[in-house]
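# Topology and contacts: notes
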Number of protein chains: 2
Amino acid sequence: MTNKFYSYDLTKSEEDYLKALFQIIIESEVTKVGNNQLAEYLKVSPASANNMIKKLKGKKLVISEKYGKLELTSEGKEIAVWLVRKHRLWETFLYKYMNFSWDEVHEVAEQLEHIRSAKLIDELDRFMDYPQKDPHGDIIPDEKGNYELTPKITLSHLKGGERCRLVAVNDSSVAFLKYVSEIGLALSSEIKVEEVVEFDRSVRISFSDRTETVSRKFADNIFVELL
Amino acid sequence: MTNKFYSYDLTKSEEDYLKALFQIIIESEVTKVGNNQLAEYLKVSPASANNMIKKLKGKKLVISEKYGKLELTSEGKEIAVWLVRKHRLWETFLYKYMNFSWDEVHEVAEQLEHIRSAKLIDELDRFMDYPQKDPHGDIIPDEKGNYELTPKITLSHLKGGERCRLVAVNDSSVAFLKYVSEIGLALSSEIKVEEVVEFDRSVRISFSDRTETVSRKFADNIFVELL
DNA sequence: TAAAAAAGTTAGGCATGACTAACAAGTTTT
DNA sequence: AAAACTTGTTAGTCATGCCTAACTTTTTTA
Ligand SMILES: [Mn+2]
Ligand SMILES: [Mn+2]
Ligand SMILES: [Mn+2]
Ligand SMILES: [Mn+2]
């Protein structure tokens, strides 16, 4: 199955910028992104981001007016979704077949997502029997680029007494994921919010016979579904 | 299993040059390689090769005197063998699990061999139950870098009447491999040499109820084991 | 609304890894 | 041994993608 995106032949960096634009748009629920915001996200200087954006505008993958905010064209977005699909399929493969833990998959998937072979991705998808979600609970876009947005309710939105299920995490860093696991939480964990501490808005939660207090910052990075 | 080669952090290009040096040494059964020979192998200019060799000498992976031929240091060779291991494990994975044909695997493995994760390679090896050979019949070096050389008898060495088994191919190009398959040959095929044509030394062979005449150049690229 | 701050752009550099053109050293040929 | 050829090296250029410093434009705040 040949993929039309292979006519583009973008560099690894160009791909990373497109994907970053897409992720920022999804994560912060906006349609336009500032140049410096993009630079910060990718940990490069504003000048570097500005330079790359010029190239992507030349390839009609990004649009913006001078001194204006950045938008992905529909083609730019399609390529970004395709990269997300590859990233999440690889993470799933590493997790389910290569004995990687959920905090180890992201780093290697960052490399694997740039491998150019539509056939490999299609076959990987088939091999794993078309998984719906990656190890962090994120939806894997299908071969046509269709995808659902991951849920937007975080643990920090709940009030004392409410119950929920952990459906995804909003941070792929090793530090965060290791901490989540150490506490004893995982995808599908059922959590009850005991109390939101007034002083610093940290959250007292209980789950499987255990009680823990987690920070506001932590709770902001846990996506849940109300029960 | 952490791999010591990850302390090197070579670029993709540096890796390709080391691997090329190693392949030339194995294929042409020499210990030293000329700069221009290396350049030709990699399809770059002699100036480019010369430039890269300077860097590899700085990293003590290559040795040579000025205007002299190039040698891999033992460290350079170890890294090259590690790259060959990765390449052949990926080819095997693509062939056995991803429904790639033997002429499709090489191109994608050229990309995958540069993925940095010793754990992924160890797990891939375990997942496939420690395969000994890749889809072209080449030996896969083990995790310690031990490997056997592929057999050096080609079909073109045989005389009329002799019989052999196809054990490997010495060319990974799509054009060659497709032709091999089209004729009806594959790894393990039993071949009888009917006659070596005196005029142009092409070879009349028979196998599984079929008779074909193949060129000298073709016969040079088929490795066999005498029966 | 004028000053200050933030956001975006441009200019000039640097490293990597290609290239061509010119040159130097080594190897054959005559 | 000199000429011719082959091989290796150097110099200068280019594209990519990063940087800092300086500048311009837009937005915020006083
Ligand atoms: Mn990830
Ligand atoms: Mn990436
Ligand atoms: Mn190969
Ligand atoms: Mn390679």
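Residues numbered from 1 in each chain as written. Chains lettered and ligands numbered in written order. Predicted model: local features only at pLDDT ≥ 70, side-chain atom pairs only at ≥ 80, totals over all residues. Heavy atoms only, no water.

### Let's talk about the domain arrangement of chain A
All names here are of chain A. The following threshold applies: Domain start and end points were adopted from an automatic or database domain assignment. Contact between two residues is taken to exist if any of their heavy atoms lie within 4.5 Å; hydrogens are not considered. Buried area: the accessible area, evaluated with a 1.4 Å probe, that two parts lose upon being put together, summed over both parts. Basic side-chain nitrogens of Lys or Arg form a salt bridge, by our definition, when they fall within 4 Å of a carboxyl oxygen of Asp or Glu.
When the domains of chain A are assigned, the result is domain 1 (1-148) and domain 2 (153-226). The C-alpha-based centres of domain 1 and domain 2 are spaced at 27 Å. Domain 1 puts nine residues into the contact, and the matching count from domain 2 is eleven residues. In total, about 850 Å² of surface goes out of reach between domain 1 and domain 2, with carbon and sulfur atoms giving 61% of it. Considering only the surface of domain 1 that becomes buried against domain 2, W102, D103 and H136 emerge as the three largest contributors, covering 69% of it. Where domain 1 touches domain 2, the interface holds zero salt bridges.

### Quick look at the coordination of the manganese ion (ligand 4)
Residues and elements named next belong to chain B. The cut-off we apply is this: Listed donors are limited to N, O and S atoms within 2.8 Å of the metal, widened to 3.2 Å for Na, K and Ca; water is not among them, so incomplete-looking sites are possible. A helix here means a DSSP run of H or I that spans at least four residues, while a strand means a run of E at least two residues long, and both kinds are numbered starting from the N terminus. Relative accessibility thresholds used throughout: buried, under 20% of the residue-type maximum; exposed, over 50%; partly exposed, between the two (1.4 Å probe, protein chains only).
Around the manganese ion (ligand 4), the donor atoms from the protein are D16 (OD), E113 (OE) and H114 (NE2), and they sit 2.1 to 2.4 Å away. Taken in sequence order, the residues that donate to the manganese ion (ligand 4) follow the motif D-x96-E-H. Taken as a pair, D16 in helix α1 (residues 12-27) and H114 in the loop between α5 (105-112) and α6 (118-127) lie far apart in primary sequence, 98 residues in all. The exposure classification of D16 matches that of H114, with both residues buried.

### Comments concerning the sheet that holds strand β5 (residues 203-207) of chain A
Residues and elements named next belong to chain A. Operational definition: Strand pairing is assigned whenever DSSP identifies at least 2 bridges connecting the two strands. Between the N-to-C directions of two axes lies an angle of 0 to 180 degrees, each axis being a line fitted to C-alpha atoms and, for a helix, fitted only over the stretch in contact.
Spatial strand order, β6-β5-β4-β3-β7: five strands in an open sheet with antiparallel pairing. Here the strands that pair on one side only, and so sit at the sheet edges, are β6 (210-214) and β7 (222-226). Each neighbouring strand pair of the sheet contributes to a mean axis angle of 40°, computed without reference to strand direction. Sheet topology note: the strand β3 (residues 163-169)/strand β4 (residues 190-196) ladder contains three bridges and is antiparallel.

### A short note on the side chain of B:E123
Positionally, B:E123 belongs in helix α6. On the accessibility criterion, B:E123 (14% relative accessible area) is buried. Excluding residues that lie within four positions of it along the chain, B:E123 makes contacts with A:M98 and A:N99.

### Concerning the coordination of the manganese ion (ligand 1)
Residues and elements named next belong to chain A. Those donors, H87 (NE2), E91 (OE) and H106 (ND1), are the protein atoms that reach the manganese ion (ligand 1), and they lie 2.0 to 2.2 Å from it. Counting along the primary sequence, the residues that act as donors to the manganese ion (ligand 1) give the motif H-x3-E-x14-H. Taken together, the residues E91 in helix α4 (residues 74-97) and H106 in helix α5 (residues 105-112) connect sequence positions 15 residues apart.

### Observations concerning the UniProt feature "domain: HTH dtxR-type" (unreviewed entry) in chain A
Let me state the cut-off plainly: UniProt positions are given in the numbering used here, feature names are shortened, and annotations may be inferred rather than shown by experiment.
If you check UniProt for "domain: HTH dtxR-type" (unreviewed entry), the listed places come out as residues 10-73 of chain A in our numbering. Taken end to end, residues 10-73 of chain A is 58% helix and 6% strand, and its first and last C-alpha atoms sit 15 Å apart.

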